[in-house]
Amino acid sequence: MEDGRGSWTGPGGLRVTAVRLGGAHRVLAEFAGVDGHSAFLVTRNGALAGRGYYPSVEELAEAVDLAELRTR
C-alpha cells in the first residue's frame, strides 16, 4: 500500500480509497484535521468510518488493520 491511487476493501463493508484532496474532499478532510494533496478515505457501508480521512499509511494503520484489506 502506498500513497498513490487505489482502493481496498475489508470486512464488514470497510472500504479504503486513496483520494486527491480537492473540492468536497478537501473541505471534509480539513474538518478532520488533514491537510495536503491526497489522503486515504475510509468508509464503512458508505458512511465515514473513524475520522474518515487519514494523511498517511502510518495514521491509517492506527485505525484500520491493513492486513485485512484486499485490492479492489
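Let me begin by describing the structure that accompanies this report. (Residues numbered from 1 in each chain as written. Predicted model: local features only at pLDDT ≥ 70, side-chain atom pairs only at ≥ 80, totals over all residues. Heavy atoms only, no water.)

## Considerations on the environment of Ser38
Relative to the helices and strands, Ser38 is located in strand β3 (residues 38-44). You can call Ser38 partly exposed: its relative accessible area is 30%. Put simply, Ser38 and Arg26 are twelve residues apart on the chain and 8.8 Å apart in space, counted from C-alpha to C-alpha. (Helix = DSSP H or I, 4+ residues; strand = E, 2+ residues; numbered from the N terminus. Buried < 20%, exposed > 50% of the residue type's maximum accessible area, 1.4 Å probe, protein only.)

## Things to note about the pattern of salt bridges
For the coordinates displayed, the defined rule picks out two salt bridges. Of the charged contacts in the structure, one is a salt bridge between Glu30 and Arg26, with a shortest N-O distance of 3.7 Å. In this pair, Glu30 and Arg26 both sit in helix α1 (residues 24-31), four residues apart, roughly one turn of the helix. For Glu30, a relative accessible area of 41% gives the class partly exposed. Residue class for Arg26 comes out partly exposed when judged on its relative accessible area of 28%. A salt bridge links Arg51 to Glu59; the nearest nitrogen and oxygen atoms lie 2.7 Å apart. (Salt bridge = Lys/Arg side-chain N within 4 Å of Asp/Glu carboxyl O.)

## Here we look at the sheet that holds strand β5 (residues 70-71)
Sheet architecture is open: five strands sit in the order β4-β3-β2-β1-β5, paired in antiparallel fashion. In this open sheet, the two edge strands, each paired with only one partner strand, are β4 (47-54) and β5. In this sheet, β3 lies alongside strand β2 (residues 14-20) in antiparallel orientation, the contact comprising seven bridges. Bridged to Ala18 within β3 is Phe40. Its contacts with the sheet put α1 on β2, β3 and β4, and the angle it makes with β4 is roughly 80 degrees. (Pairing = 2+ DSSP bridges. Contact = heavy atoms within 4.5 Å. Axes fitted to C-alpha atoms, helices over the stretch in contact; angles between N-to-C directions.)

## Topic: unusual backbone geometry
Backbone geometry follows two general trends: most residues other than glycine have a negative phi, and most peptide bonds adopt the trans configuration. The phi dihedral of Asn45 is positive, around 55 degrees, even though this residue is not glycine. The residue Asn45 is located in the loop between β3 and β4 in this model. Residue Asn45 is classed as exposed on the basis of its relative accessible area of 64%.

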